[in-house]
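The lines below spell out each chain.
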Amino acid sequence: MKCQWGLLLAGFAIAQAASVERDVGSAGAAQVRLPKISTLATNASQVIDRRLASFSFELSFLPTFAGNKTHPNVLTRELMKRLEERTGVGPDVRPGGITVDSSVFDPDAPALVLDESATGGIYNTTFGPAFFEFLDVFPKSTRVLWSVNLRNNTIGFAQAGIKAAIKYIDWDRLFAFEPDHYGGGSRPSGWSSADYTSQFLTLFLTRNLSLPHHVFLAGAFAEDPTSAAPMTTVSIIEDGVDTTGVVKLFGQHTYHNRYSTCDPARNAIATLSNLVNHRNITVSVLDLWKPQIATAHKAGKEFIVGEYSSVSCSGKQNVTDTYGQALWLADTILYGGTINIARMHLHQGATLVFQSSQQANSPGFSWYDLWYPVEGDRYGAARASPSFVAYLLVTEAVGRSGRARFSLIDVPEHPDLAVYAIWDPAVRTSGVARLAVLYVAVRNETTSGEDPAGMAVTLDLSPYVQKGKQVTAKRMQAPGLDSKDSTRVTWAGQSYANGTAAGEEVVEKLKDGKITVGGSEGVLVFFA
């Protein structure tokens, strides 16, 4: 059946919050003294892109998240403003996902028309010129990574999408083109890295399009780069994909595929305690990407994660729609920056019926979405999810200078403690400018008998403090890891359920260079 999506908007009150400062003690917790670091660490990252925390949107649902020129989604617009305020630029946006693989541009079509099954499965996505009005809700500094449909070997569909993007997106915002899910579709099951590279080199996507050199992202593979992966960034570079001057950057997608609601076995182990685990996030998942990143850099190109989230197949209720997702996100993005991933595009969308016949989720917005863009029976009012505060912590950690660099400080006696040193010569010429601390010990709101005071660490940061300088901190916290009420999940004492700050800002003053971090809390310390 044919279905044209309407756009539902909710009005939100804009509240101005006062700013207060609060002194914070540091008694009654395990003591941790961090090593002194006075110069830039040898393992420090590349300069961090201010757009490190970016977004991917399922193509078929982007108009619902964004709205259009006359009816912009107010919640989305406000949330994007909060991020731009902290870094000085809007996040990059990638319209992509599985529905790109069945998409076609029609110059005579309305913004969006979906061919759907009786159960809500999307067969085809047709978009017209008005679709591109989605950009109006994002900051002017937001750039677009535009995905094109090459899944079914339909070069005509791909070229039509590219021509439309060129016509309706300003060149200063059109960052690159991504042939999405290029490894699948009508290609044979044994299709290899060499096959991919050969076809990429002979596609002639730039024919009659007057495109500049270095305009395509190569890769966009959905599989993690394990030994079982049919192709990776390393393999296609070795096969010669970067020999024609069209490749601008490399990228792949990653989900914590150990955990998924696509099938019962992985769904059973997709728990908060398994997901929010510093070692699982770093060693088990993101470290897999280090060879891909290094090889892309050797070729003189950036490496990005073009699409990612925690539990694949649209997340899991009571897991990825909780504050626990915020801790997972903060650790994932900060560590991704530390290992030189240039940008990470967090996916936003909805359950896709055709993704798996065994999936646990019914139709509706994904349980891992950072916000619910419209009101619905399943979610209630449009609102930011508890995880949105992670993007506030990360964007303030990155800062506005465009000169910050990260490194992870190892604290082996506390494996649940993730500590990221941030150098920023724009605010401190020597020494650590900021310090992000995540204590991922599980402290649940609904579990009785836990002792929050006993689940805390006090960090002695005196080696980082400049004489005569006041050290301050902002805190990310919630009643527990399993908290789902966005009005009770805060960054610096303020909640952001409606896209604006509610409550008084709490800026903590450190005494004697010490700060206590409770279980399931995050803290950003400012030394200058």
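Residues numbered from 1 in each chain as written. Predicted model: local features only at pLDDT ≥ 70, side-chain atom pairs only at ≥ 80, totals over all residues. Heavy atoms only, no water.

An unreviewed UniProt entry lists the chain under the name Glycoside Hydrolase Family 79 protein, with Pycnoporus cinnabarinus as the source organism.

This next bit is on the pattern of salt bridges. Overall, the coordinates contain 23 salt bridges when judged by the stated rule. Linking Lys484 and Asp321 is a salt bridge whose minimum nitrogen-to-oxygen distance equals 3.2 Å. One end of the pair, Lys484, is in the loop between β21 (472–477) and β22 (490–491); the other, Asp321, is in the loop between β13 (302–309) and α10 (324–338), with 163 residues separating them in the sequence. Relative accessible area serves as the criterion here: at 35%, Lys484 is assigned to the partly exposed category. The closest approach of N and O atoms between Glu505 and Lys474, which form a salt bridge, is 3.3 Å. Taken together, the positions of Glu505 in strand β23 (residues 505–510) and Lys474 in strand β21 put the pair 31 residues apart, joining distant regions of the chain. Like Lys474, Glu505 is buried. One network of salt bridges, in which partners are shared, links Glu78, Lys81, Arg82, Glu85, Arg86, Glu396, Lys474 and Glu505. (Salt bridge = Lys/Arg side-chain N within 4 Å of Asp/Glu carboxyl O. Helix = DSSP H or I, 4+ residues; strand = E, 2+ residues; numbered from the N terminus. Buried < 20%, exposed > 50% of the residue type's maximum accessible area, 1.4 Å probe, protein only.)

What follows deals with helix α11 (residues 388–398). The buried fraction of α11 is high, at 11 of 11 residues. Within α11, the full set of buried residues consists of Phe388, Val389, Ala390, Tyr391, Leu392, Leu393, Val394, Thr395, Glu396, Ala397 and Val398. Backbone geometry just after α11 places Gly399 at a positive phi near 80 degrees.

Once that is clear, we can look at the side chain of Ser102. Mapped onto the fold, Ser102 is located in the loop between β5 (93–96) and β6 (103–105). The exposure class of Ser102 is buried, given its relative accessible area of 18%. The contacts of Ser102, once residues within four sequence positions are left out, are Tyr123, Asn124, Thr125 and Asn149. (Contact = heavy atoms within 4.5 Å.)

Taken N-terminus to C-terminus, the directions of helix α8 (residues 278–285) and α10 make an angle of 35 degrees; their axes are 9 Å apart at the nearest point. The two elements α8 and α10 meet at a crossing, and its hand is right-handed. Taking contact as the criterion, the partners of His278, Ile281 and Thr282 in α8 are, on α10, Trp328, Asp331, Thr332 and Tyr335. For the contact of α8 with α10, the residue count by class is three nonpolar, three polar and one charged. (Axes fitted to C-alpha atoms, helices over the stretch in contact; angles between N-to-C directions. Left-handed = near helix turned anticlockwise from the far one by under 90°. Nonpolar A, V, L, I, M, F, W, Y, C, P; charged D, E, K, R; others polar.)

Let's shift gears to the nonpolar core. Ranked by size, the top nonpolar core spans 121 residues in total, and within it Phe134, Trp146, Phe177 and Met476 carry the most contacts. With residues near it in sequence (within four places) discarded, Trp146 still touches Pro95, Phe127, Phe131, Phe132, Phe134, Gly161, Ala165, Ile169, Leu174, Ala176, Phe177 and Glu178. In this structure, Val32, Leu34, Val419 and Phe527 belong to the second largest nonpolar core, which totals 27 residues. (Core = buried A, V, L, I, M, F, W, Y, C linked by side-chain atoms within 4.5 Å.)

A word on the sheet that holds strand β20 (residues 456–460). A sheet is described by the order of its strands in space; here three strands give the open sequence β3-β20-β24, paired in mixed fashion. Every interior strand has two partners, whereas the edge strands, β3 (30–33) and β24 (514–518), have only one. This sheet shows a mean twist of 25 degrees between the axes of neighbouring strands, independent of strand direction. Strand direction decides the pairing type here: β20 and β24, joined by five bridges, are antiparallel. Residue pairing for β24: Thr458 is matched across the bridge by Thr516. (Pairing = 2+ DSSP bridges.)

Attention now moves to the side chain of Ser312. By secondary structure assignment, the location of Ser312 is in the loop between β13 and α10. Taking the relative accessible area as the measure of exposure, Ser312 reaches 9% and is therefore buried. For Ser312, the side chain forms a polar contact with the side chain of Ser260, separated by 2.7 Å. Non-local contacts of Ser312, meaning those with residues more than four positions away in its chain, are made with Tyr255, Asn257, Tyr259, Ser260, Thr261, Cys262 and Arg266. (Polar contact = N/O pair within 3.5 Å; in protein donor to acceptor, adjacent residues only side chain to side chain.)

Moving on, we get to the environment of Ala330. Of note, Ala330 is situated in helix α10. In sequence terms Ala330 and Leu393 are 63 residues apart; their C-alpha atoms lie 7.3 Å from each other. In this structure, Ala330 is in contact with Ala390, Val394, Leu438 and Met476, ignoring residues within four places of it in sequence.

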